[in-house]
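Structure assessment
Now for the letters of each chain:
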Amino acid sequence: MAAAVGELLVAAHHDVLWFAPMRTGVALPPLPAGVELRGTTARRHQRLDQVDADHSDLELETLLAHSLREHPPDAVVHVGAGARGSPNVAWLAERMGSPAFVVTRASELVCHRGDLVDRDGQACDRFLEPERCRRCCTTSWWRKPGKVAFQNRSDLLVASLMAAEAVFVATPDERARLLAFGVPEALLVVGSEPVAIVARLTARG
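Described in the following lines is the structure provided in the data block.

Let's shift gears to helix H7 (residues 149-161). Taking 1.5 Å as the rise per residue, H7 with 13 residues should run 18 Å; its terminal C-alpha atoms sit 18 Å apart, in good agreement. Along H7, the positions that sit buried rather than exposed are Ala149, Phe150, Arg153, Ser154, Leu157, Val158, Ser160 and Leu161. One side of H7 holds all its buried residues, which, seen down the axis, span an arc of 165°.

Here is the structure:
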C-alpha cells in the first residue's frame, strides 16, 4: 500500500519520502522510482505478550520529527496504523503542523493479534474487553501483558487517529468496528484503494 501510494504521488509530480519501519526477516517491496526511502534499524518481532514494547518506535518518531522540522510536508500518510510500531505518527505530524492521513485495517487496529481470531482459533469481535484481550495474548503463566496494556494501546491509537484529517478503511464493516473502538465518525472514509487516497490528498491543493 505504501509503495503504491508513493508511486502514484510521484507520477503526479510530488516529492515522496517513505519512512519505513524495518522488521527482522521482513523485506520491503521494491522501492518505486522517485521515492526516497528513510528506513530504520531492523527490529525483531516481539512476543505476543509484549504489548507495550511492540506498540512503540522511538527511532521512527525521532526520524520523522527531524524531517518534519526541516522540511514540513504537504501531508503525512500513516499506512498500517495499529499493526504494531508507533501509534503516534498522525499525532506527531499534526502537532508539528503537517496534515495527517491514516490508512488502516480494522482487524489490525482493534486487535493486538491483528486478525480478530482468538487464541483458540475462533473468530472474535470482543475487542472492547481488555481483560479478555490480555488473557488471549498471554503466552505462559509468567508472560502476561500488563494490566493496563490494552487500555494504553487503544487510548494511544484513537488519540492519534483523532489528529488525522481522514482515516481510510476498506469496507463498511471495518468502519463500524472503528466507530465502536472510538474513532470519530466524521474521520472515517470507506475506500482505501491507493487511487482514492491519492485523489483525496491531491484535492487539498
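With that out of the way, let us pick up the packing of aromatic side chains. Aromatic ring pairs are reported here in terms of the distance separating the ring centres and the angle at which the planes meet. Within this structure, the stated rule accounts for two aromatic pairs. Geometrically, the ring pair formed by Trp141 and Trp142 is edge-to-face, given 5.4 Å between the ring centres and 75° between the ring planes. On the basis of relative accessibility, which here comes to 56%, the residue Trp142 falls in the exposed class.

In terms of nonpolar packing, the biggest core is built from 30 residues, with Val102, Leu109, Val110, Leu161, Val167, Leu178 and Val183 touching the most fellow members. Of all the secondary-structure elements, those providing two or more residues to this core are helix H3 (58-70), helix H4 (89-95), strand E4 (100-103), helix H5 (106-110), H7, strand E5 (166-169) and helix H8 (172-181). Residues in contact with Val110, not counting those within four places in the same chain, are Leu116, Phe127, Arg153, Arg177, Leu178 and Phe181. In terms of nonpolar packing, the next biggest core, distinct from the first, is built from 14 residues, Leu9, Trp18, Ala20 and Leu201 among them.

A few words on the pattern of salt bridges. Across all of its chains, the model carries twelve salt bridges by this definition. With its nearest N and O atoms 3.2 Å apart, the salt bridge here joins Glu36 to Arg38. On the accessibility criterion, Glu36 (39% relative accessible area) is partly exposed. Among the salt bridges present, the one from Asp54 reaches Arg84, with a minimum N-O distance of 2.5 Å.

A separate point is the sheet that holds strand E6 (residues 188-190). Hydrogen bonding along the main chain pairs the strands of a sheet, whether they run parallel or antiparallel. Strand order in the open sheet formed by four strands is E3-E4-E5-E6, and the pairing between neighbours is parallel. Both outer strands of the open sheet, strand E3 (76-79) and E6, are each paired with one neighbouring strand and no more. Direction aside, neighbouring strands of the sheet carry axes that sit 25° apart on average. In terms of strand pairing, E5 meets E6 through three bridges, oriented parallel. Its bridge partner being in E6, Val169 is matched across the sheet by Val190.

In this section: the pairing of E3. Successive residues of a regular strand alternate their side chains across the two faces of the sheet. Taking every second residue as pointing to the same face, the buried face of E3 carries Val76 and His78, while none of Val77 and Val79 on the other face is buried. In this sheet, E4 lies alongside E3 in parallel orientation, the contact comprising four bridges. The partner of His78 across the bridge, within E4, is Val102. Where the polypeptide runs from E3 across H4 and back to E4, its parallel neighbour, the crossover connection is right-handed.

Take Asp74: it is sitting in the loop between H3 and E3. When the C-alpha atoms of Asp74 and Asp173 are compared, they prove to be 30 Å apart, with 99 residues separating the residues in sequence. In this view, Asp74 contacts Pro99 and Arg204; residues no more than four positions away in its chain are not counted.

Our next topic: the environment of Val77. By the element assignment, Val77 lies in strand E3. Among the residues examined, Val77 registers a relative accessible area of 27% and is labelled partly exposed. Sequence separation between Val77 and Ala93 is 16 residues; the distance between their C-alpha atoms is 9.3 Å. In this structure Val77 touches Phe101, Val103 and Leu201, once residues within four positions along its chain are discounted.

Calculation rules
Residues numbered from 1 in each chain as written. Predicted model: local features only at pLDDT ≥ 70, side-chain atom pairs only at ≥ 80, totals over all residues. Heavy atoms only, no water. Helix = DSSP H or I, 4+ residues; strand = E, 2+ residues; numbered from the N terminus. Expected span 1.5 Å × (residues − 1). Buried < 20%, exposed > 50% of the residue type's maximum accessible area, 1.4 Å probe, protein only. Arc of directions from axis to C-beta. Phe/Tyr/Trp six-rings, centres within 6.5 Å; stacked < 30°, edge-to-face > 60°. Core = buried A, V, L, I, M, F, W, Y, C linked by side-chain atoms within 4.5 Å. Contact = heavy atoms within 4.5 Å. Salt bridge = Lys/Arg side-chain N within 4 Å of Asp/Glu carboxyl O. Pairing = 2+ DSSP bridges. Axes fitted to C-alpha atoms, helices over the stretch in contact; angles between N-to-C directions. Right-handed = clockwise from strand over helix to strand, strands pointing away.

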